[in-house]
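Spelled out, the chains give:
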Amino acid sequence: MYLRASVSSLLRRIRRFPSGSITVKTPPAVAANLGALPLYANTMNCSYPVHGFAGRNGGYVSLWCMAYAQAAIFLGICSDPIFAEGNSVESKSGDDPEDAETIGLRRVDDGSVISNEHTMKWRIFTDNGRDSFSKGKLEEAEKFFLSALKEAKEGFGERDAHVASACNNLAELYRVMKAFDKAEPLYLEAVKILKDSFGPEDIRVGAAFHNLGQFYLVQRKLEDARSCYEQALKIKGRVLGFNHTDYANTMYHLGKVLDLQGKDKESEAFIVDSIRILEEGGEEQSILYTRRLRHLAQLYLKSNRLLDAETVQRKILHTMELLKGWDALDTVMAAEVLALTLQSTGKLREAYELLERCLDARKRLLPEDHIQIGANMLHLARVAMQYSDQLKNRSISDTTILLDKAKYFLENCIRITKQVLRKVTRRKTWFSKEDSAESRRNARIAMIILMQSLDSLGLLEVTRQESLDSREGSAPVAEAENAFLGCIDAYKEFGREGSASGSIEVRNEYLSCLKHLLSLLSDGAQAARPPRKVTVQELKDEIGHIESEISMARR
């Protein structure tokens, strides 16, 4: 029977939550010390991975700036700040990769011999451009950066490194504005000027190639990105040494590109080596270190190397406990990811206990109706259901207790997600043209969790009927039917055009509920009892309609 197979499949397989995220927005800010200009608001304060869609990886803010001679100011897109002041070179490692979404800016007071009206204007226009950008006034910032470029050429000369920095600033602005065709020639001009000024093997040229590689990576021009990173790696290795953190930074980014190209072994080698360099440099307790470990764990999960992933995730959790403790959501999320891997390897008791600890921490740190709490409960319910399946032939009482706990978690998850969705509906954020991507994403995630919770609740009641020798008669079946019917009610309530219900992921979850309900109503005695809200034929028609919508959306 289809429904029994569905229950069995649910209890055996692991429905992992990859890298989509719920975010709690914080206002844009200029990062302390670095004068960072964020492309978007920093949205990493409260991120939650959810099953069903990929979303963007990460969301961590990264800062970088580029080489410059005698106080040229560079904006950039990657974590590769390298500075040249006089004859000295200072090299510093940067932040996480996924960080092509931020620009960093660093100022250094210089002792430039050149000082005239144009160089003074260059400084003023550059500072004003930075200020306008930080306020989100992009058109105004463009005018300032164009003026800065003009003054740099007139004050320092056409081929001076200050001109390279001005080109890069303007290129960064165009990248933010998604005017990639305008940005690319400016990046290339900056690289050419630096090569002409300092030679093709200079460390500043290596930094420029790294940053250009990140620009290509943002656009998924993987071969171009790979070529730039390889050139940067060659220069950095020769100048800085093969154990330098900046060398490791470029190595890691090259590993990311290879991962996207499907070259898993090469990617793993570069990422592992970049992590080794951080370890040898005593950076095991840095955030940068844990971020690279996360990517390595993802590589292992993708290739189904679950034990290797578990080892890395345990290391991440240990590091986060030392760095932030359990009063930080980053630690909670690290524990949750480990718990899901433990679930997939069959270590259900440890997974359950870890998820309970995550739930306790979230209840301390978040409002009681926060979507993360609901999603945490969904995880706990699924582990409890899977664990009960292991125990059903050994202890009926333990099985009953676990199923009761699972039901408690699912009912509370359903309550929380409905509250979230109704709040959004009252604000009408789904239907506004100004509706933010964050609001749509959060609503979509809440809808997915709601559909999954109702579906799991229905399957739980079927499991209760089939696995327990109870005297409840048809009560569990009726409750299963009510849960599946709840999916239909929720989809109708929140399924208006433009809402979260329009996504493929939500439709897939809704389709799963419909098929489970159809199987239940078509089975034996249930088929003889007409359902209260929907007929078998109506279900078949709705299933066909949703399947057609999914098919069209995927074209």
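The shown structure was predicted, so the numbers you read here are calculated from the model rather than taken from an experiment.

The next point concerns the overall build of the chain. When its secondary structure is counted, the chain shows 20 helices and seven strands. Counting across all 555 residues of the chain, residues that qualify as buried make up 54%. Carbon and sulfur atoms provide 50% of the accessible area of the chain, an area that totals close to 23,800 Å².

Time to look at unusual backbone geometry. Positive phi outside glycine occurs at Lys178, with the angle close to 60°. The exposure class of Lys178 is exposed, given its relative accessible area of 53%. Positive phi, close to 65°, is recorded for Asn304, a residue that is not glycine. As for its position among the elements, Asn304 is in the loop between helix H10 (287-302) and helix H11 (306-323). What makes Asn304 exposed here is its relative accessible area of 58%.

A separate point is the pattern of salt bridges. Where charged atoms of side chains with opposite charge meet at close range, the side chains can pair. Applying the stated criterion to the full structure yields 35 salt bridges. With its nearest N and O atoms 3.1 Å apart, the salt bridge here joins Lys150 to Glu154. Of this pair, Lys150 and Glu154 both sit in helix H3 (residues 138-156), four residues apart, which is roughly one turn of the helix. Under the relative-accessibility criterion, Glu154 is labelled partly exposed at 42%. Asp196 is the salt-bridge partner of Lys192, the closest N and O atoms lying 3.3 Å from each other. Here Lys192 and its partner Asp196 are both found in helix H5 (residues 180-198), four residues apart, which amounts to about one turn of the helix. A relative accessible area of 45% places Lys192 in the partly exposed class. Shared partners join several salt bridges into a network, and the residues in it are Asp404, Lys407, Glu461, Arg464 and Glu479.

Next up on the list: H10. Taking 1.5 Å as the rise per residue, H10 with 16 residues should run 22 Å; its terminal C-alpha atoms sit 23 Å apart, in good agreement. Leu288, Tyr289, Thr290, Arg291, Arg292, Leu293, His295, Leu296, Ala297, Leu299 and Tyr300 are the residues of H10 that are buried. Structurally, H10 contributes buried residues whose contacts are with helix H8 (245-260), helix H9 (264-280) and H11. Immediately beyond the C-terminal end of H10, within one or two residues, lies Asn304, with a positive phi of roughly 65°.

Right, let's talk about the UniProt feature "repeat: TPR" (unreviewed entry) in the chain for a bit. Per the UniProt annotation, the sites labelled "repeat: TPR" (unreviewed entry) are residues 206-239. A helix fraction of 91% and a strand fraction of 0% characterise residues 206-239, whose end C-alpha atoms lie 9 Å from each other.

Quick look at the side chain of Glu268 now. Looking at the element boundaries, Glu268 is found in helix H9. At a separation of 3.3 Å, a polar atom in the side chain of Glu268 contacts the side chain of Tyr300. Leaving out residues up to four positions away in the same chain, Glu268 has contacts with Leu296, Leu299, Tyr300 and Arg305.

It is worth spelling out the packing of aromatic side chains at this point. When we look at a pair of aromatic rings, we describe it by the centre distance and by the angle of the planes. What the rule picks out here adds up to eight aromatic pairs. The interplanar angle of 85° and the centroid separation of 5.4 Å between the aromatic rings of Trp122 and Phe156 together place this pair among those described as edge-to-face. You can see Trp122 sitting in helix H2 (residues 117-134) and its partner Phe156 sitting in helix H3, a full 34 residues away along the chain. A residue is classified by how much of its surface remains accessible, and Trp122, at 2% relative accessible area, is buried. For Phe156, a relative accessible area of 12% translates into the label buried. Measuring from centroid to centroid gives 3.9 Å for Tyr491 and Tyr510, while their planes differ by 0°, and the two rings are stacked.

Turning our attention to the environment of Met447. With respect to the secondary-structure elements, Met447 resides in helix H16 (residues 437-467). Given a relative accessible area of 0%, Met447 falls into the buried group. In sequence terms Met447 and Tyr491 are 44 residues apart; their C-alpha atoms lie 8.4 Å from each other.

Turning next to the state of the cysteines. Taken as a whole and assessed by the stated rule, the structure comprises one disulfide. Each disulfide pairs two cysteine sulfurs, and for Cys487 the partner residue is Cys513, the sulfurs being separated by 2.3 Å. Linking Cys487 in helix H17 (residues 475-494) with Cys513 in helix H18 (residues 504-521), this pair joins segments that are 26 residues apart in sequence. Here Cys487 matches Cys513 in class, with each residue buried.

The next thing to look at is H11. Between its first and last C-alpha atoms H11 spans 25 Å; for 18 residues at 1.5 Å apiece the expected length is 26 Å, and the two agree. Of all the positions in H11, only Leu306, Ala309, Glu310, Val312, Gln313, Ile316, Leu317, Thr319 and Met320 are classed as buried. Residues of H11 that are buried sit in contact with H10, helix H12 (329-344) and helix H13 (348-365). Just beyond H11, the residue with positive phi is Gly325, at close to 75°.

Attention now goes to the environment of Arg362. Structurally, Arg362 can be placed in helix H13. When the C-alpha positions of Arg362 and Val332 are compared, they lie 7.6 Å apart, and in sequence the two are 30 residues distant.

Residues with a pLDDT of 70 or more make up 72% of the chain, whose mean pLDDT is 77. Counted against residues more than four places away or in other chains, residues 469-474, with its pLDDT under 50, gives one contact.

The next point concerns the packing of H2 against helix H4 (residues 161-176). Contact geometry for H2 and H4: axes closest at 12 Å, N-to-C directions at 20°. Relative to H4, H2 is oriented roughly parallel. Seen from above, H2 lies across H4 with left-handed handedness. Taking contact as the criterion, the partners of Trp122, Thr126 and Phe133 in H2 are, on H4, His162, Ser165, Ala166, Asn169, Leu173 and Val176.

Our next topic: the packing of H3 against H4. Where H3 meets H4, the axes come as close as 8 Å, and the angle between the chain directions of the two elements is 165°. The angle between H3 and H4 falls in the class roughly antiparallel. The way H3 lies across H4 gives a crossing that is left-handed. For the pair formed by H3 and H4, the contact residues are Leu138, Ala141, Glu142, Phe145, Leu146, Ala148, Leu149, Ala152, Lys153 and Phe156 on the first element and His162, Val163, Ala166, Cys167, Asn169, Leu170, Leu173, Tyr174 and Val176 on the second.

Tracing the chain through its elements places Ala443 in helix H16. The exposure class of Ala443 is buried, given its relative accessible area of 0%. Residues Ala443 and Arg422, spaced 21 residues apart in sequence, show a C-alpha to C-alpha distance of 9.8 Å.

Reading the values: the criteria
Residues numbered from 1 in each chain as written. Predicted model: local features only at pLDDT ≥ 70, side-chain atom pairs only at ≥ 80, totals over all residues. Heavy atoms only, no water. Helix = DSSP H or I, 4+ residues; strand = E, 2+ residues; numbered from the N terminus. Buried < 20%, exposed > 50% of the residue type's maximum accessible area, 1.4 Å probe, protein only. Areas by Shrake-Rupley, 256 points an atom, 1.4 Å probe, with all protein chains shown as cover. Salt bridge = Lys/Arg side-chain N within 4 Å of Asp/Glu carboxyl O. Expected span 1.5 Å × (residues − 1). Contact = heavy atoms within 4.5 Å. UniProt positions renumbered as here; feature names shortened; annotations may be inferred. Polar contact = N/O pair within 3.5 Å; in protein donor to acceptor, adjacent residues only side chain to side chain. Phe/Tyr/Trp six-rings, centres within 6.5 Å; stacked < 30°, edge-to-face > 60°. Disulfide = S-S within 2.5 Å. pLDDT = per-residue confidence, 0-100. Axes fitted to C-alpha atoms, helices over the stretch in contact; angles between N-to-C directions. Parallel < 35°, antiparallel > 145°, perpendicular 65-115°, else oblique. Left-handed = near helix turned anticlockwise from the far one by under 90°.

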